[in-house]
Structure formats: C-alpha cells, structure tokens
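Analysis of the macromolecular model
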Amino acid sequence: MADIILTGDRPTGRLHLGHLVGSLNQRVEMQNSGKYDQIFIEIADAQATTDNAGNIQKVKNNILELALDYMSCGIDPKKSTIFLQSEVPELSDLTFYYMNLVTLARLQRNPTVKQEIGYRGFKNSSIPVGFMTYPISQAADITAFNANIVPVGDDQLPMIEQTREIVRTFNRLYGETLVEPKAVLPENKICHRLPGTDGQAKMSKSIGNCIYLADTPEEVEKKVMGMFTDPNHLRVQDPGNTKNNPVFIYLEAFSKPKHFEKYFKNEETGELEYKNLDELKAHYERGGLGDMKIKRFLNYVIQDTLTPIRARRAELEKHIPEVYQALFEGSDKARKVAAETLLKVKRAIGLDYRSDYELINSQIEKYNQDLEEKKTRKY
Ligand code: TRP
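Residues numbered from 1 in each chain as written. Predicted model: local features only at pLDDT ≥ 70, side-chain atom pairs only at ≥ 80, totals over all residues. Heavy atoms only, no water.

1. As for the overall build of the protein chain
Across its full length, the protein chain holds 16 helices and five strands. Since a compact globule built from 379 residues should have a radius of gyration of about 21 Å, the 26 Å found for the protein chain marks it as more spread out than a globular shape. When its C-alpha atoms are laid out on the principal axes, the protein chain stretches across 115 × 45 × 40 Å. Burial status across the protein chain gives 47% buried among its 379 residues. For the protein chain, the exposed surface amounts to about 20,000 Å²; the carbon and sulfur share of it is 51%. Counting 51 positive and 53 negative side-chain charges, the protein chain places the centres of these two groups 3 Å from one another. (Helix = DSSP H or I, 4+ residues; strand = E, 2+ residues; numbered from the N terminus. Rg over C-alpha atoms; globule rule 2.2 N^0.38 Å. Buried < 20%, exposed > 50% of the residue type's maximum accessible area, 1.4 Å probe, protein only. Areas by Shrake-Rupley, 256 points an atom, 1.4 Å probe, with all protein chains shown as cover. Lys, Arg positive; Asp, Glu negative; His and termini not counted. Charge placed at Lys NZ, Arg CZ, Asp CG, Glu CD.)

And the structure:
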C-alpha cells in the first residue's frame, strides 16, 4: 500500500512557535525524507467557516498568511500538494454521505469539539450545525486522498478516531472502499503542546501569549525577555524550578548543541560555560543562575531558529502571484484525486446511475413487462 500523508490547518491566524515544533518541522522532515508517496496539506478554509460564518474576511485574509508560513518553514509545493479545501467541492459530497454513518450522540461526545465549544462561549442554542459536524468533514478530507498517515497534534486525535469509525462503518456496509488512517504525533513529547509565554497551558491568539513565525526580531526579543518563569525564583541565588517554567520548556524544544557551542563558549579558554541543557538546568535548580541570563540565551536560540524562516518569507512576499498560483495548481491536483474517491464511494453505496446498467436494464424490463401485461390484460 502507498504511504499517503494528509494534514492541514484552519486559516484563522498566523502560525506560531507551537505550530513549528508541534507540526511544521515534522511535516518538512517527512517531506524531505522521500519516504512517502504523496503528501497533501490542506488549508481548511471551509472548516474555518463553520464558526466564522459572519467573518469570512478573516478566513480569506489568512489563506495567504498560512501559505506563506508553510512555505517559509520549508514546505515545498513541488513536493507537497498544498490545496484549498473550498476548491474541492467533492469533499462536501463525501461529508454528506458520511453524515449518515455517525450519530448525533457520538458527535456530542467528541472531547475536542466540547472544549472548542467552551473556548468559543457557544451555548447549546448557538452552536452552528456545521461546526458540530466538522469532525465528519475532516473524515472526508482524510479519506478523499486515501491517506493512511495523518500527522497532527494530540488535540486532533478524536478527529482521527472519528474518521477511523466512519471508515469501518462504511466498509462494513458498502464493501472495502476507504483507507483507515492513523495519527502520527510529533516524536518529542515536549512538542505536543508548547505553553504560552505567560506560562498558560496553551498559546492563544486571544490571550496574546504567542511568538509568531512572522514576528520581527525586536518583537521576539521583547516577548522572550518578558516571559513568565518560576514565580518563586526571586533572587539570583535562590534555587529555581525548571519544570513548569516556560523558558526551560522552550529551550527543551528549540535549543541544539550548536547553540551551546556558540553562545556559551569562553573566547579565551575555548571552554563551554554550559555544555548542554542539563547543565544549565542543574545550575538554575541549585541557585545562582538569573532569569535574565537564560532569557538572553533563549532569545538567541529562537532568533537563530527564526532567521532562515524570516529570510524565506521575505523572499516569498515578493512573489505573491506565484504563491496563489501554487495554491490553485495544488487545488486542481487535489480535486482530481478527490473526484476519483467520490466516484468509488458512490459506486460502493450504489448511487452511480450513469454506469449502473443493471439497474436501468432491469427497470426497462420491468416496464416492458408492464406493457406486455397491458397488452394481454382483459377488461
Ligand atoms: N482541524 C484541523 C485544525 O483545527 C484542520 C484540519 C482540517 C485537519 N482537516 C484536517 C487536520 C485533516 C488533519 C487532517 O487545524
């Protein structure tokens, strides 16, 4: 079986460091490994409308931003098919038939959807039906491309589980047709969820605790220097906690041996003040290491991580028509694949009248018989 990857994001805001370690780096690695037959990356604009019906402009504006973020991180439209969900209407058709395979109760149990309802302040009386059913449309996104691998963050696991259930039900009712996918989480545990710069569990645009990929060096520095650390680490000599300390969590996610070699090297002796993160942590924990010093190091590490991304973005920003061109070409390619799957699905269900000669012939016969009957009927 071919190894086909599908993943995607809603275009509702710029991507941040959490996305970089949580998904983008892994996608680029997978893309460049050459191990996968096909990679589809969906800009899920239709899904984004499910809770933005009155704010389509936001979705529209962020399509380009998302594409620029993708490409500046190293996603290459020549190797990965980047496409717009709304450009592939076959996905809605698939969603329609999958809806019959899922109960309302099952949708209401989805823990991610429940959480999102909470974040959005929806009341029972104000949840759009489209929003409630987006996990089903996500199953269409995945199965349309015969994807067996879906690299996602752990918040998306309930969606993949829902997809697997739909695939199993479909194949049981209509015969083996759809591919059952599996989720792939980022390898590094710390990457599953990067906390906000304020120490909150999640980076969130509305709280303003994110470092964006497109932030300027000055913005990044300001955010890093203002980061939450250990609130009990009042004086430099106090022992500090590295566990729930976002500065150390970020260092865990982004620092590499080369950063220690460059930043902590004593010019005269050539010795490293700290050889690795464990040594830095140990010093902080026993006391005597100030927050400013680790924040300056973190700023250096993050700037080093973002510099090549910024440079690529600046280059791409000079070629906006080409970026859109790549999205439309990707969408055309995606649409062909989805159309093939839709045809297979309709055949499996039995809704392919145009090639269902058995059906049509039997009905011709049926009506011919009726004619015969009429001819011979006695009144
Ligand atoms: N739900 C995902 C998000 O919130 C976006 C998405 C849409 C997706 N379709 C997908 C992710 C299919 C993985 C697979 O960002």
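2. Considering the domain arrangement of the protein chain
Domain boundaries in the protein chain define domain 1 (4-194 + 320-353) and domain 2 (217-315). For domain 1 versus domain 2, the separation of C-alpha centres amounts to 35 Å. On the side of domain 2, 11 residues touch domain 1, which itself brings 13 residues to the contact. Linking domain 1 with domain 2 are three residue pairs in polar contact (both at pLDDT 80 or more). Broken down by secondary-structure element, the contributors of at least two residues to the side of domain 1 that touches domain 2 are helix H1 (17-33) and helix H3 (56-73). Examining the composition of the side of domain 1 that touches domain 2, we find that six residues originate from one element, H3, more than from any other. Split into classes, the residues belonging to the side of domain 1 that touches domain 2 amount to eight nonpolar, three polar and two charged. (Domains from an automatic or database assignment. Contact = heavy atoms within 4.5 Å. Polar contact = N/O pair within 3.5 Å; in protein donor to acceptor, adjacent residues only side chain to side chain. Nonpolar A, V, L, I, M, F, W, Y, C, P; charged D, E, K, R; others polar.)

3. A closer look at the site of the ligand
Glu-42, Gln-47, Gln-138, Asp-141 and Gln-156 are the nearest of the 14 residues found near the ligand. Note that an oxygen atom of the ligand is positioned 3.3 Å from one of the side-chain N or O atoms of Arg-10. Considered on its own, the ligand offers 360 Å² of accessible surface; in the complex 92% of this is hidden by protein. Breaking the shell around the ligand down by element, the ones donating at least two residues are strand E1 (4-9) and helix H8 (134-144). Take the shell around the ligand: its biggest share by element is four residues, from E1. Its residues assigned to classes, the shell around the ligand comprises five nonpolar, five polar and four charged. (Near = heavy atom within 4 Å.)

4. Quick notes on the packing of helix H11 (residues 246-254) against helix H14 (residues 291-316)
Interhelical geometry of H11 versus H14 gives an angle of 35 degrees and a closest axis separation of 10 Å. As H11 runs across H14, the sense of the crossing is left-handed. For the pair formed by H11 and H14, the contact residues are Val-247, Phe-248, Tyr-250, Leu-251 and Phe-254 on the first element and Ile-294, Lys-295, Phe-297, Leu-298, Val-301, Ile-302 and Thr-305 on the second. In terms of residue class, the contact of H11 with H14 is made up of 10 nonpolar, one polar and one charged. (Axes fitted to C-alpha atoms, helices over the stretch in contact; angles between N-to-C directions. Left-handed = near helix turned anticlockwise from the far one by under 90°.)

5. Regarding the environment of Gly-208
Its place among the elements puts Gly-208 in the loop between strand E5 (182-184) and helix H10 (217-225). On the basis of relative accessible area, Gly-208 is assigned to the exposed category, the value being 56%. Residues Gly-208 and Thr-197 lie 11 residues apart in sequence; the distance between their C-alpha atoms is 8.8 Å.

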